[in-house]
Amino acid sequence: MNKRNIKKVAVLGSGVMGSRIACHFANTGTEVLLLDIVPKDAVDSKDPAARNKITNDALTFALKSNPSPIYDKRFAKRITTGNFDDDLAKIKDCDWIIEVIIERLDIKQQLLEKVEKHRTPGTLITSNTSGIPINAIAQGRSDDFRKHFCGTHFFNPPRYLPLLELIPGPDTDPAVLSFLEDYGQRILGKVTVLCKDTPAFIANRIGVFSIMGLFHAVREMGLTVEEIDRLTGPVLGRPKSATFRTADVVGLDTLVNVAKGLKDNCPNDEQNALFAIPDYLQQMVEKNMLGSKTGKGFFFKDRNSPKGDILALDLNTLEYREQVKPKFATLEAAKKEEDLVKRIPVLYNGTDRAGEFYRKSFHALFAYVSHRIPEISDELYKIDDALRAGFAWEMGPFEYWDAIGAEKAVKDMEAAGVKMAAWIGDMLKAGHSSFYKVENGKRLYYDAASKSYKPVPRAEGVITLADLPDSSIVWKNPNAVVRDLGDGILCLSWSTKMNTIGAEVIQGLNKAMDLAEASGKGLVIYNDAAVFSAGANVGMIFMMAAQQEYDDLEMAVRTFQNTMMRVRYCSIPVVVAPHNLTLGGGTELCLHADKVVAHAETYMGLVEFGVGVIPGGGGTKEFALRLSDELKEGDIRINRMRERFLTIGQAKVATSGHEAFGLGYLRPGQDEVIVSRAHQLAYAKQCALDLWNKGYTKPAPRKDITVMGQEGLGIVYVGANSMLSGNYISEHDALISEKLGYVLCGGDLSEKTEVSEQYLLDLERKAFVELCMQRKTLERLQSIITTGKVLRN
């Protein structure tokens, strides 16, 4: 059983989850059959549109939602819609059938009884239940059905949350689970976690416990909703929506139902009482204050206020009030530490109320997860994997525990009267002081059953930077590291705030190319941080511009350009593997690579216009070069020129790796998109090797770039003046537009002319520095640095 077996998938149920699961399969190139019930008012109708209305409306709604569930709107054509009455027989041609209907056991069983009449023996059949026992759902079905049946719990939204929990039934064939683990990782880009058939499985069991603990702690410790969200957001390595904003988005009624389910179904849970609904939460549900879906929850947007103020709920009065910005000394101290692993002890050891909150929260979490082994999982790493992938935590519970120090936390918990599972004490008594460790390039976890360390399983063909031994490091400076990936391929990665590119990263890029050219076969540029790169170091640019050190600024821009050109004309292949935010200089780095292997969730864009400049690291030059190549292929000159100009001028950012092709950031037939983040580095390495093995030859600098000169400039100037006259852009926007057009068109040339890359780089650098001399550009730079917001002045 391999990936070629899954050519067509049937998704039964087109609700919020079903429609979005269908979209994600379409993202991967799979043909999808999406079915749901016939509307009551269309039971007697013969019109397919009327009978398929529920499915079609659900899919249309999903495709219009933001963020989008699909990488590219064109991929929606891979989805065929229908209904259970007319089209269920079509599932006989499907390789995988996924049930995603209402969470009621009787209704699921009724549908699956019908499914069995049409399902081809040997076809995979799974349920997306979030809590109904898998064993119960499969009761009454045939041996072949039960053999190929299990739970596949996707997390919402399926495109963005990578967790896929696999829950076997008592009769599930191990080969089915093995296939789904591999397929989920490689093809769907998921973190697959094999779970036991216990209430809420792994992620929701721990995640909802954590949320309910915070719901109780907010009152017990006299904290506010703003304070809890500030304490449990990015500073802790959690999403910006933190706790209460997340609850509003998910829906308070949904959280209450899950909590009640856990309380009812886990009577022997030592923390069963914690799943009781706090009085204020029960009152909110009764008053229909359910969060985003009703417009009121823990937060409320006051549309009557001039700026649409977002008010916070006072949990004592259930009245809305203005938010008060939380201030804690512990958070101020934590700001100084960029590394999350090092920041956690700062939070934990705080001496104010924030420190007290963290100790209480961590102790409760640590004790709870210790008692869940072996109840919900035999292996502790699965709990960490599930929380990271399902709740977007940057660290799992046991990883937090290691960051604080297992022994220290245990002593503090014992002093506070917090009871842990016995295996924790056994582990420490045996001299094992951490839940994880790395030995010989392998990450090991402590196994409670064998009382020894075992390797954390890695899928075949996966390379993880964190697991590479120190001996793989061939060079480093404070921010950049060059590692040997084996087979003659080196890898450059770096770690700065938002992974911006400054002097030390530029040094790292050049050193990596030096080393690869001297004795290697290729270079991969990749990192495992949250974002690939937010671009050049804006703070450095602002400082030089504000101090009018224009010669230094010109030299810095020249150095960046030269480094990008070296990437382009290196004597060995250079492959860039971006993910997530890839902006400004990060995009320019990709534009100059031999090949880009972009993760599907890559948000790429030349966004310099927003800070008052044009792309100055070769990005504008590269767009002019690509425009020239496109024109030679017979494109309509003016239309293509306008498209490329607007991509930069409107700072367009691709919302997926696939969308980056349409914006001109990626090259069809040359660059690729990979869905699996786990496999990205290994695949990029293989691509570099393939380029070398095919007889890689260093490219020759381009001197044949056709620019439009005055013909193009006329289009730019007329467009800018028109937008300015209509008050669509400011005077400074118009100035930037003219500078951008000047470079793209090759300057004030009387006719179409062939120019060199260096000619365009010189124009680009000159325009960049001149814009940095403008007061309004300095204001824009300062706004980004101080507030993180784009200023339109």
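Our subject in this report is the structure included herewith. (Residues numbered from 1 in each chain as written. Predicted model: local features only at pLDDT ≥ 70, side-chain atom pairs only at ≥ 80, totals over all residues. Heavy atoms only, no water.)

Regarding empty space enclosed by the protein
Consideration 1: Throughout the structure, instances matching the rule amount to 1 cavity of 30 Å³ or more.
Consideration 2: A volume near 30 Å³ is recorded for the largest cavity.
Consideration 3: Counting only elements with at least two residues in the lining of the largest cavity, the list comes to α25 (619–632) and β24 (705–707).
Consideration 4: Take the lining of the largest cavity: its biggest share by element is 3 residues, from α25.
Consideration 5: Broken down by class, the residue content of the lining of the largest cavity amounts to 6 nonpolar, 1 polar and no charged. (1 Å grid on protein atoms, 1.4 Å probe; cavity = no way out; pocket = protein on both sides within 12 Å on 5 of 7 lines; lining within 4 Å. Points joined across faces, edges and corners; volume = space filled by probe spheres on them. Helix = DSSP H or I, 4+ residues; strand = E, 2+ residues; numbered from the N terminus. Nonpolar A, V, L, I, M, F, W, Y, C, P; charged D, E, K, R; others polar.)

Quick notes on the pattern of salt bridges
Consideration 1: Taken as a whole and assessed by the stated rule, the structure comprises 58 salt bridges.
Consideration 2: Lys-335 serves as the salt-bridge partner of Glu-332, at 3.4 Å between the closest nitrogen and oxygen.
Consideration 3: Overall, the relative accessible area of 44% leaves Glu-332 in the partly exposed class.
Consideration 4: Residue class for Lys-335 comes out exposed when judged on its relative accessible area of 52%.
Consideration 5: When the shortest N-O distance is used, the salt bridge between Arg-458 and Asp-467 registers 2.8 Å.
Consideration 6: Salt bridges sharing common partners tie together Arg-205, Asp-269, Glu-270, Arg-372 and Glu-375. (Salt bridge = Lys/Arg side-chain N within 4 Å of Asp/Glu carboxyl O. Buried < 20%, exposed > 50% of the residue type's maximum accessible area, 1.4 Å probe, protein only.)

A short note on the side chain of Ser-19
Consideration 1: As for its position among the elements, Ser-19 is in helix α1 (residues 16–27).
Consideration 2: Accessibility expressed as a relative area gives 1% for Ser-19, which makes it buried.
Consideration 3: Reaching out from Ser-19, the side chain makes a polar contact with the backbone oxygen of Gly-15 at a distance of 2.8 Å.
Consideration 4: Side chain to side chain, Ser-19 and Arg-20 meet in a polar contact 3.3 Å long.
Consideration 5: Not counting residues within four places of it along the chain, the set of residues in contact with Ser-19 comprises Gly-13, Ser-14, Leu-34, Ala-58, Leu-59 and Ala-62. (Polar contact = N/O pair within 3.5 Å; in protein donor to acceptor, adjacent residues only side chain to side chain. Contact = heavy atoms within 4.5 Å.)

Side note on the sheet that holds strand β14 (residues 452–455)
To summarise the sheet geometry, strands pair through backbone hydrogen bonds and adopt either a parallel or an antiparallel arrangement.
Consideration 1: In spatial order, the strands read β12-β13-β14; together these 3 strands make up an open sheet with antiparallel pairing. Two strands bound the open sheet, and with one partner strand each, they are β12 (436–439) and β14. Within this sheet the neighbouring strands show an average axis-to-axis angle of 40 degrees, counted without direction. (Pairing = 2+ DSSP bridges. Axes fitted to C-alpha atoms, helices over the stretch in contact; angles between N-to-C directions.)

Observations regarding the packing of helix α9 (residues 203–220) against helix α16 (residues 353–371)
Consideration 1: Where α9 contacts α16, the two axes come as close as 11 Å, and the packing angle between them is 150 degrees. For the crossing formed where α9 meets α16, the hand is right-handed. For the pair formed by α9 and α16, the contact residues are Arg-205, Ile-206, Phe-209, Leu-214 and Glu-220 on the first element and Phe-357, Lys-360, Ser-361, Ala-364, Leu-365, Tyr-368 and Val-369 on the second. (Left-handed = near helix turned anticlockwise from the far one by under 90°.)

Some thoughts on the packing of aromatic side chains
What describes a pair of aromatic rings is the distance from one ring centre to the other and the angle between the planes of the rings.
Consideration 1: According to the stated counting rule, one finds 30 aromatic pairs in the structure shown.
Consideration 2: Look at Phe-209 and Tyr-368: their rings are 3.8 Å apart centre to centre, the planes differ by 5 degrees, and that puts the pair in the stacked class. Of this pair, Phe-209 sits in helix α9 while Tyr-368 is found in helix α16, placing the two residues 159 residues apart along the sequence. We note that Phe-209, like Tyr-368, is buried.
Consideration 3: Judged by centre distance (6.4 Å) and plane angle (50 degrees), the ring pair of Tyr-348 and Phe-362 falls under tilted. A residue pair is termed long-range when its members are at least 10 positions apart, and Tyr-348 in helix α15 (residues 340–348) and Phe-362 in helix α16 qualify at 14 residues. (Phe/Tyr/Trp six-rings, centres within 6.5 Å; stacked < 30°, edge-to-face > 60°.)

A short note on a positive patch on the surface
Consideration 1: On the surface, Lys-240, Arg-245, Lys-307 and Lys-789 cluster together into a patch of positive charge.
Consideration 2: In this structure, Lys-789 sits in the segment after α32 (775–787). (Patch = residues over 30% accessible without salt bridge, like charges linked within 9 Å, V, L, I, M, F, W, Y side chains within 5 Å. Areas by Shrake-Rupley, 256 points an atom, 1.4 Å probe, with all protein chains shown as cover. Lys, Arg positive; Asp, Glu negative; His and termini not counted. Charge placed at Lys NZ, Arg CZ, Asp CG, Glu CD.)

Focus: helix α8 (residues 174–186)
Consideration 1: Its 13 residues place the ends of α8 18 Å apart at the C-alpha level, agreeing with the 18 Å of an ideal helix rising 1.5 Å per residue.
Consideration 2: If you check which residues of α8 are buried, you get Val-176, Leu-177, Phe-179, Leu-180, Tyr-183, Gly-184 and Gln-185.
Consideration 3: Backbone nitrogen of Ala-175 and a side-chain oxygen of the N-cap are separated by 2.9 Å at the start of α8; the cap is Asp-173. (Expected span 1.5 Å × (residues − 1).)

Examining the sheet that holds strand β3 (residues 79–83)
Consideration 1: Across the sheet, which stays open at both edges, the 8 strands sit in the order β3-β2-β1-β4-β5-β6-β7-β8 with mixed pairing between neighbours. A single partner strand is all that each edge strand has here, and the edge strands are β3 and β8 (191–194). Averaged over all pairs of adjacent strands, the angle between their axes in this sheet comes to 25 degrees, without regard to strand direction.
Consideration 2: As defined by bridge partners, strand β1 (residues 8–12) adjoins strand β4 (residues 96–99) across 4 bridges and the pair is classed as parallel. Across the sheet, Val-11 pairs through a bridge with Ile-98, a residue of β4.
Consideration 3: Across the face of the sheet, helix α17 (residues 380–391) comes into contact with β7 (163–168) and β8 while running at roughly 140 degrees to β8.

A short note on unusual backbone geometry
Consideration 1: Omega for the bond connecting Asn-66 with Pro-67 falls within 30 degrees of zero, at 5 degrees, which places this linkage in the cis form.
Consideration 2: In this structure, Pro-67 sits in the loop between α3 (53–64) and β3.
Consideration 3: Here the residue pair Asn-156 and Pro-157 is connected by a cis peptide bond, since its omega of 0 degrees sits within 30 degrees of zero.
Consideration 4: Here Pro-157 is to be found in the loop between β6 (149–154) and β7.
Consideration 5: Not every positive phi belongs to a glycine, and Phe-201 is a case in point at roughly 60 degrees.

Digging into helix α31 (residues 757–772)
Consideration 1: Compared with the 22 Å implied by 1.5 Å per residue over 16 residues, the 23 Å span of α31 between its first and last C-alpha is a close match.
Consideration 2: When we look at burial in α31, the residues that qualify are Glu-757, Leu-760, Leu-761, Leu-763, Glu-764, Arg-765, Ala-767, Phe-768, Val-769, Leu-771 and Cys-772.

What about the nonpolar core?
The tendency in soluble globular proteins is for nonpolar side chains to be buried side by side.
Consideration 1: Among the nonpolar cores identified, the biggest contains 118 residues, and Phe-298, Trp-401 and Trp-423 are the most heavily contacted of them.
Consideration 2: In this view, Trp-423 contacts Ser-370, Ile-373, Leu-380, Phe-398, Phe-435, Tyr-446 and Ala-448; residues no more than four positions away in its chain are not counted.
Consideration 3: Among the nonpolar cores identified, the runner-up in size contains 72 residues, and Leu-523, Ala-593, Val-613 and Leu-663 belong to it. (Core = buried A, V, L, I, M, F, W, Y, C linked by side-chain atoms within 4.5 Å.)

Re the packing of α17 against helix α18 (residues 397–404)
Axis angle and axis distance: for two packed helices, these are the angle between their axes and the distance between the axes, and together they describe the pair.
Consideration 1: At a minimum axis separation of 7 Å, α17 and α18 run at an interaxial angle of 105 degrees. In terms of their interaxial angle, α17 and α18 are classed as roughly perpendicular. Two secondary-structure elements touch here, α17 through Leu-380, Ile-383, Asp-384, Leu-387 and Arg-388 and α18 through Pro-397, Phe-398 and Glu-399.
Consideration 2: In terms of residue class, the contact of α17 with α18 is built from 5 nonpolar, no polar and 3 charged. (Parallel < 35°, antiparallel > 145°, perpendicular 65-115°, else oblique.)

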